[in-house]
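Per-entry structural report
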Amino acid sequence: MYTLITGASSGIGKATAETLAAKGHDLILIARSTAKLERLQQMFMARHEIDVKFFTVDVTDPAVVEDFFAQIQDLKIGNVINNAGGCLGKDKFQDALLEDLFTMIDANIRGFTHIAHRGVQRLIETQGTLVNISSIAGIEPYPQGHVYCATKAFVKTISKTLRFDLMGTGVRVIDIAPAAVNTNFSKVRFKGDVQKADAVYAGYQELSADDIAAQIVWALEQPPHVNLEHIVIYPTAQAGPRDYARE
Ligand code: 8X3
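We now turn to the structure provided with this report. (Residues numbered from 1 in each chain as written. Predicted model: local features only at pLDDT ≥ 70, side-chain atom pairs only at ≥ 80, totals over all residues. Heavy atoms only, no water.)

1. Observations concerning the pattern of salt bridges
Close approach of charged atoms allows side chains with opposite charge to pair. Within this structure, the stated rule accounts for seven salt bridges. Between Lys23 and Glu221 there is a salt bridge, with its nearest N and O atoms 2.8 Å apart. Note that Lys23 is positioned in the loop between α1 (11–22) and β2 (26–31) and Glu221 in the loop between α8 (209–220) and β7 (230–233), a separation of 198 residues in sequence. The partly exposed category is assigned to Glu221, whose relative accessible area is 45%. A salt bridge links Arg118 to Glu66; the shortest N-O distance between them is 2.8 Å. Of this pair, Arg118 sits in helix α4 (residues 98–126) while Glu66 is found in helix α3 (residues 62–71), placing the two residues 52 residues apart along the sequence. According to the relative accessible area criterion, Arg118 is partly exposed, its value standing at 26%. Among the ionic contacts, a cluster of salt bridges with common partners joins Lys160, Arg163 and Glu229. (Salt bridge = Lys/Arg side-chain N within 4 Å of Asp/Glu carboxyl O. Helix = DSSP H or I, 4+ residues; strand = E, 2+ residues; numbered from the N terminus. Buried < 20%, exposed > 50% of the residue type's maximum accessible area, 1.4 Å probe, protein only.)

Given below as structure tokens:
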């Protein structure tokens, strides 16, 4: 039984892959970077007695995603970690680049939906688990969050509706909503401005990708009749999107 992870080459996706690999799970890793995926495959297969397959997939390209699912049609998928997505920019809506807004919608809504749709069809065969990565941004919108917050609210809402539609199939849907996690999220959001990115995580103990991976794996390891529907994870020193106890 394989666990499929999107956005597997870095951040929460990569940390989840590492944690599951160490626990002996077979993995299917997808992301846009072939080189990073190849390195992970080699590392995991050298260290653990598992099978790791990887596919270079941009989840925003429907033809590529369809081709990917066709290629794995004979493999049993026990879990789908629907993690790919991201954030671009933190300007007021009226000042944001339209291109950035459409890119977020393409990845966080369209690509996410494509993986969820095809993924769920496969998970019904195995009574598996869909893990959607949302964000506190989808629960508590903040200034200059506009499209990013709205895409994460989409993830939160569709996760709940899938719970209704999948009732009786044995498929679990888990929505993981992290707060401040120190990955390359902010570097991407601020387009390589390291100072701005570092400032997000300065002066308090932020979360790591490993912290989130631990919660994902813990949720997966619950007995099949237990569905942790919505897990919100904050650093202890953060209480809201703009509320931090910084030193
Ligand atoms: C990441 C958390 O608060 O920067 O989704 O939007 S936040």
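2. What to know about the environment of Val200
Following the sequence through the fold, Val200 ends up in helix α7 (residues 194–200). Taking the C-alpha atoms as reference points, Val200 and Ala17, 183 residues apart in sequence, are found 25 Å from one another.

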